[in-house]
Amino acid sequence: MAITAASKTTDFSGFLTPEQAQPIFNDAQRISAFQQLFRRVPLGIRGQSIPVITSKPTANWVEEGGKKPATDMGLGKLTIVPKKLAAIAVMSAEVVRANPGGINDLIRPALAEAFAIAFDYAVGHDKGGDGTGTGPFSDYALSKATKSVTIGTAEKTEGGIHGDLTAALKLLVADKKRLTGWALGSEVEPEFWGATDGSGRPLFAELPMDQQAALLASNGTEVARSGLLLNRPAWMGQGVSSETIAGFGGDFTKGAWGAVGGIDYRVSTEATVTINGELTSLWEHNLVAVLAEAEYGYVNADLDAFVKLAPREV
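What you are looking at is a predicted structure, and each value in this text was computed from that prediction instead of being measured.

### Section: the sheet that holds strand β10 (residues 247-250)
Taken together, the seven strands give an open sheet; going across it, the order is β5-β16-β10-β6-β9-β8-β7, and neighbouring strands pair in mixed fashion. Here the strands that pair on one side only, and so sit at the sheet edges, are β5 (147-150) and β7 (205-206). Its contacts with the sheet place helix α5 (residues 160-174) against β5, β6 (181-185), β8 (225-229), β9 (232-237), β10 and β16 (306-310), and it is angled at close to 170° to β5.

### Digging into unusual backbone geometry
Despite not being glycine, asparagine 276 shows a phi value in the positive range, around 55°. Within the secondary structure layout, asparagine 276 lies in the loop between β13 (272-275) and β14 (278-281). The exposure class of asparagine 276 is exposed, given its relative accessible area of 78%. Its identity is not glycine, yet asparagine 286 carries a phi of approximately 55°, on the positive side.

### Looking at the packing of aromatic side chains
According to the stated counting rule, one finds 13 aromatic pairs in the structure shown. An angle of 40° between the planes, with centres 6.2 Å apart, marks the rings of phenylalanine 34 and phenylalanine 38 as tilted. Each member of the pair, phenylalanine 34 as well as phenylalanine 38, carries the same accessibility label: buried. In this structure an aromatic cluster arises from ring pairing among Phe34, Phe38, Phe115, Phe119, Phe137, Tyr140, Phe248, Phe252, Trp257, Tyr296, Tyr298 and Phe306.

### Structural notes on the side chain of aspartate 120
Structurally, the position occupied by aspartate 120 is in helix α4 (residues 103-125). Here aspartate 120 is buried and forms no salt bridge, its nearest opposite-charge partner arginine 40 lying at an N-O distance of 13 Å. Those residues in contact with aspartate 120 that sit more than four places away from it in its chain are Ile31, Ser32, Ala33, Phe34, Gln35, His125, Gln238, Gly239 and Val240.

### Some remarks on the pattern of salt bridges
Counted under the stated rule, the structure contains six salt bridges. The salt bridge partner of arginine 30 is aspartate 27, with a shortest N-O separation of 3.8 Å. Of this pair, arginine 30 and aspartate 27 are both found in helix α1 (residues 21-31), three residues apart, which corresponds to roughly one turn of the helix. Exposure remark for aspartate 27: the relative accessible area of 2% places this residue in the buried category. Among the ionic pairs, aspartate 251 bridges to arginine 178, the shortest N-O distance being 3.5 Å. Remark: arginine 178 occurs in the loop between α5 and β6 and aspartate 251 occurs in the loop between β10 and β11 (255-259); sequence separation between them is 73 residues. Exposure remark for aspartate 251: the relative accessible area of 3% places this residue in the buried category. On the accessibility criterion, arginine 178 (48% relative accessible area) is partly exposed.

Conventions used here
Residues numbered from 1 in each chain as written. Predicted model: local features only at pLDDT ≥ 70, side-chain atom pairs only at ≥ 80, totals over all residues. Heavy atoms only, no water. Pairing = 2+ DSSP bridges. Helix = DSSP H or I, 4+ residues; strand = E, 2+ residues; numbered from the N terminus. Contact = heavy atoms within 4.5 Å. Axes fitted to C-alpha atoms, helices over the stretch in contact; angles between N-to-C directions. Buried < 20%, exposed > 50% of the residue type's maximum accessible area, 1.4 Å probe, protein only. Phe/Tyr/Trp six-rings, centres within 6.5 Å; stacked < 30°, edge-to-face > 60°. Lys, Arg positive; Asp, Glu negative; His and termini not counted. Salt bridge = Lys/Arg side-chain N within 4 Å of Asp/Glu carboxyl O.

Dropping the structure here:
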């Protein structure tokens, strides 16, 4: 249908209400591997202090009538500071008018995917949302971990990939660290299918998706896929790997993330947006843009509790 009048911003306000922001965050969490593994904490606009145990209490045996031992538990704190993340979704006005009530079905997966990938790039590699530049969590990026194991180098007689993962576990245990989970880039998935443990069982046992994750996947969104590796939870997703890192293993209880409130948004049919490297007039091309902004925070108390998994050189 031909456009008979210029669309106004007010024509599209309210399509992304605050009540609909939470489902976007939930979808982003399903797409993000790191948001699945790290615990989520409340986060206010001024940040949040996260308590960190620096030394654990000890107990000892006492003889009858003997003096009970005193102990101490050291506590420190990290401050999680919110950082702004933004994305612009652009659609034709014809699409919007054809299905105004269902516009969020188009916007929500796109924004959720953009937020999730940007978050994982920042947490894993200190990179921007497109995989270039730098992220806002430089001090806590997992790529700064010093422990490393190359995937696919162990011979079959040494257990193959199972041997590589066991080597990663040994590095952590030798440093008195725990292994609570794995984050893997979807690019290394072929390395794990067909791989077996020492008893000949499949190394990666995939777990079924929940209903919402399955719906996102059916719409073409690559959600994080869950499974078990060495009997620990493992998540495969976009943004986890880079050219030099295939994934991470470690103690994910050492980190935390949060998001401030909902999503701030603005809708425009008259602004100018960069598309394919060129400034494009929305009004001139009958386009609608939704600018979404959210604030995320992330901290990590112990990068030594993580090991990098390097991809095999081809």
